[in-house]
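# Coordinate analysis (summary)
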Amino acid sequence: MSRSAGGHRARRARTFAAAGAVVAGLLLATGCSSGDEGPGKAAGGVPVVEKGKLTTCTHLPYPPFQFEQNGKVVGFDVALVDLVAKNLKVEQKVLDTPFENFKTGAFLNSGECDLAAAGMTITEERKKNVDFSVPYFDATQALLATKKSGVTSLADVKAKNAKLGAQAETTGESYAKSQGFDPVAFESSDAVLNGLRTGQVDAVVIDYPVVQGWLKDKANADAFALGQNIETGEQYGFSVKKGNEKLLAAIDKAIQDAKADGTYDKLYKQWIGPLPEGQS
């Protein structure tokens, strides 16, 4: 994601087991049966850390990519990885893990997860520790401000001496710093939104799809105004342990097939919104 590796507070991993449907989401589970414990192989000889499962590490919440809704984990990333799981004839299981592990690939290397899916930006630094799928999402940042602040751009933030916020260790925070700001850092996207609501900050820089999701809520749309879009050239990818070529190939195929047969566009519209101009 524009989320870079590093949340500030370590969070205990929570386990979610797949409900079985490709887009239906994931149901909260207390654990797996002893019969399914231990590594195994999926269709095509793809190795998995738990027999019959495709275990995904993520960091909740990060709507519209992954978040809990009515007791299930849903979102754009979840739906795409469900396509991979379906092709491999297994069920997706999600582990909610601290974001700081994504940069190092710690949970992949320890065998706790098969892949990581967290709205994560592909970077050269991260490529040193993990292997990335083909890009599945072109991302931009956006400025969102309280309407009463009158802020619509970073120039306004500076001119009005407004308080700027961002999610800690993300591209939004890095970009703000690169422009000479010292943004208030929040641990999660929920905390960023709460910071706006409670007046801790006047404006925030965060992923545009996240802002789109927030503005679907009338209370947010009444209180906040979308400002400038910020092109950073980011692309998101799913990551696997270095050298896990079979799983990487399966992920790439699912993404490419979904784009070719229209499934990708359908999921994009469902979870994110209208397709970008020029994309059909």
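Please read these numbers as outputs of a predicted model, since none were measured by experiment. Residue positions within a chain follow its written sequence, with the count starting from 1. A pLDDT threshold of at least 70 governs which residues receive local features in this predicted model, and a stricter bar of 80 or more applies before side-chain atom pairs are shown or counted, although totals over entire chains, interfaces and linings include all residues. Side-chain metrics rest on all non-hydrogen atoms present in the structure, leaving aside hydrogens and water.

## Topic: the state of the cysteines
Pairs of cysteine sulfur atoms within 2.5 Å are identified as disulfides in what follows. Scanning the entire structure with this criterion turns up one disulfide. Paired by a disulfide, Cys-57 and Cys-113 hold their sulfur atoms 2.0 Å apart. Where Cys-57 bonds to Cys-113 through sulfur, the torsion about that S-S bond is close to 65 degrees, and the disulfide is right-handed. You can see Cys-57 sitting in strand β5 (residues 53-58) and its partner Cys-113 sitting in the loop between α3 (106-109) and β9 (115-116), a full 56 residues away along the chain. Cys-113 carries the same exposure label as Cys-57, and that label is buried. Numbering of helices and strands starts at the N terminus; helices are DSSP runs of H or I of at least 4 residues and strands are runs of E of at least 2. Each residue gets one of three labels from its accessible area relative to the maximum for its type: buried under 20%, exposed over 50%, partly exposed in between, using a 1.4 Å probe on protein chains only.

## Quick word on the packing of helix α1 (residues 76-87) against helix α10 (residues 245-261)
Angles here are taken between N-to-C directions and fall from 0 to 180 degrees, while the axes themselves are lines fitted to C-alpha atoms, restricted in helices to the stretch in contact. Packing of α1 against α10 leaves a shortest axis separation of 9 Å and a crossing angle of 115 degrees. Regarding the angle of α1 to α10, the classification is roughly perpendicular. Of the two possible hands of crossing, α1 and α10 adopt the one that is right-handed. Counting all contacts with α1, which are made through Leu-83, Val-84 and Asn-87, the residues of α10 involved are Ala-250, Ile-251, Ala-254 and Ala-258. Only Asp, Glu, Lys and Arg are considered charged in this grouping, and only Ala, Val, Leu, Ile, Met, Phe, Trp, Tyr, Cys and Pro are considered nonpolar; every other residue, Gly among them, is considered polar. Here the residues of the contact of α1 with α10 are counted per class, giving six nonpolar, one polar and no charged. Small angles under 35 degrees read as roughly parallel and large ones over 145 as roughly antiparallel, with 65 to 115 read as roughly perpendicular and the rest as oblique. A crossing counts as left-handed when the near helix is turned anticlockwise from the far one by less than a right angle, and as right-handed when that turn is clockwise. Whether two residues touch is decided by their heavy atoms; if any such pair falls within 4.5 Å, the residues are in contact.

## A short note on the side chain of Asp-156
Relative to the elements of secondary structure, Asp-156 occurs in helix α5 (residues 154-159). This count recognises Lys and Arg as positive and Asp and Glu as negative, with His and chain-terminal groups excluded. Here a salt bridge means any side-chain nitrogen of Lys or Arg lying within 4 Å of a carboxyl oxygen belonging to Asp or Glu. At 6.0 Å, Lys-160 is the nearest oppositely charged side chain to Asp-156, a buried residue that forms no salt bridge. When near neighbours in sequence (up to four residues on either side) are disregarded, Asp-156 contacts Gly-150, Val-151 and Asn-161.

## Quick word on the sheet that holds strand β15 (residues 224-236)
Criterion used throughout: strands pair if DSSP finds at least two bridges between them. The mixed open sheet is built from five strands, whose spatial order is β13-β12-β14-β11-β15. Each edge of the sheet is formed by a strand with only one pairing partner; in this case those strands are β13 (184-186) and β15. Going from strand to strand, the sheet's axes swing by 25 degrees on average, the running direction of each strand aside.

## A word on the confidence of the model for the protein chain
With 85% of its residues at a pLDDT of at least 70, the protein chain reaches an overall mean of 86. A score from 0 to 100, pLDDT tells how confident the predictor is in each residue. The low-confidence segment residues 18-36 (pLDDT under 50) makes 49 contacts with residues lying over four places distant or belonging to another chain.

## Quick word on the packing of aromatic side chains
Each Phe, Tyr or Trp ring, with Trp reduced to its six-membered ring, pairs with another whose centre is within 6.5 Å; inter-plane angles below 30 degrees give stacked pairs, above 60 give edge-to-face pairs, and intermediate values give tilted ones. A full pass over the atoms with the stated rule returns 14 aromatic pairs. By way of ring pairs, the aromatic residues Tyr-62, Phe-65, Phe-76, Tyr-136, Phe-137, Tyr-236, Phe-238, Tyr-264 and Tyr-268 are connected into one cluster. Sitting over the face of the ring of Phe-181, Lys-158 holds its NZ or CZ atom 5.2 Å from the ring centroid. As a reminder, the over-ring test applies to NZ of lysine and CZ of arginine, requiring each to be within 6 Å of the ring centre and within 35 degrees of the ring normal. The ring of Tyr-264 carries Lys-259 above its face, with NZ or CZ at 5.1 Å from the centroid.

## What about the packing of α1 against helix α11 (residues 263-271)?
Here α1 crosses α11 at 155 degrees, and the two axes come no closer than 9 Å. It follows that α1 is roughly antiparallel to α11 by the angle criterion. α1 and α11 meet at a crossing whose hand is right-handed. Here Phe-76, Ala-79, Leu-80 and Leu-83 of α1 lie close against α11, whose contacting residues are Thr-263, Tyr-264, Leu-267, Tyr-268 and Trp-271. Partitioned by chemical class, the residues of the contact of α1 with α11 number eight nonpolar, one polar and no charged.

## Looking at the nonpolar core
Here, nonpolar core refers to any group of buried Ala, Val, Leu, Ile, Met, Phe, Trp, Tyr and Cys residues whose side-chain atoms link them within 4.5 Å. Leu-54, Phe-76, Leu-88, Phe-137 and Phe-238 are the most contacted members of the largest nonpolar core, which totals 51 residues. Looking at this core, the elements that each hand over two or more residues are α1, β11 (137-146), α7 (189-197), β14 (203-207), α8 (208-215), β15, α10 and α11.

## Thoughts on the pattern of salt bridges
Tallying each qualifying case throughout the model produces seven salt bridges. When the shortest N-O distance is used, the salt bridge between Lys-127 and Glu-124 registers 3.3 Å. With Lys-127 and Glu-124 both in helix α4 (residues 124-127) and three residues apart, this pair spans about one turn of that helix. A residue is classified by how much of its surface remains accessible, and Lys-127, at 36% relative accessible area, is partly exposed. Since its relative accessible area comes to 58%, Glu-124 is described here as exposed. Of the charged contacts, one joins Lys-242 and Asp-131 as a salt bridge, the two residues approaching to 3.0 Å between their closest N and O atoms. Within this pair, whereas Lys-242 is found in the loop between β16 (239-241) and α10, its partner Asp-131 is found in strand β10 (residues 130-132), the two being separated by 111 residues in sequence.

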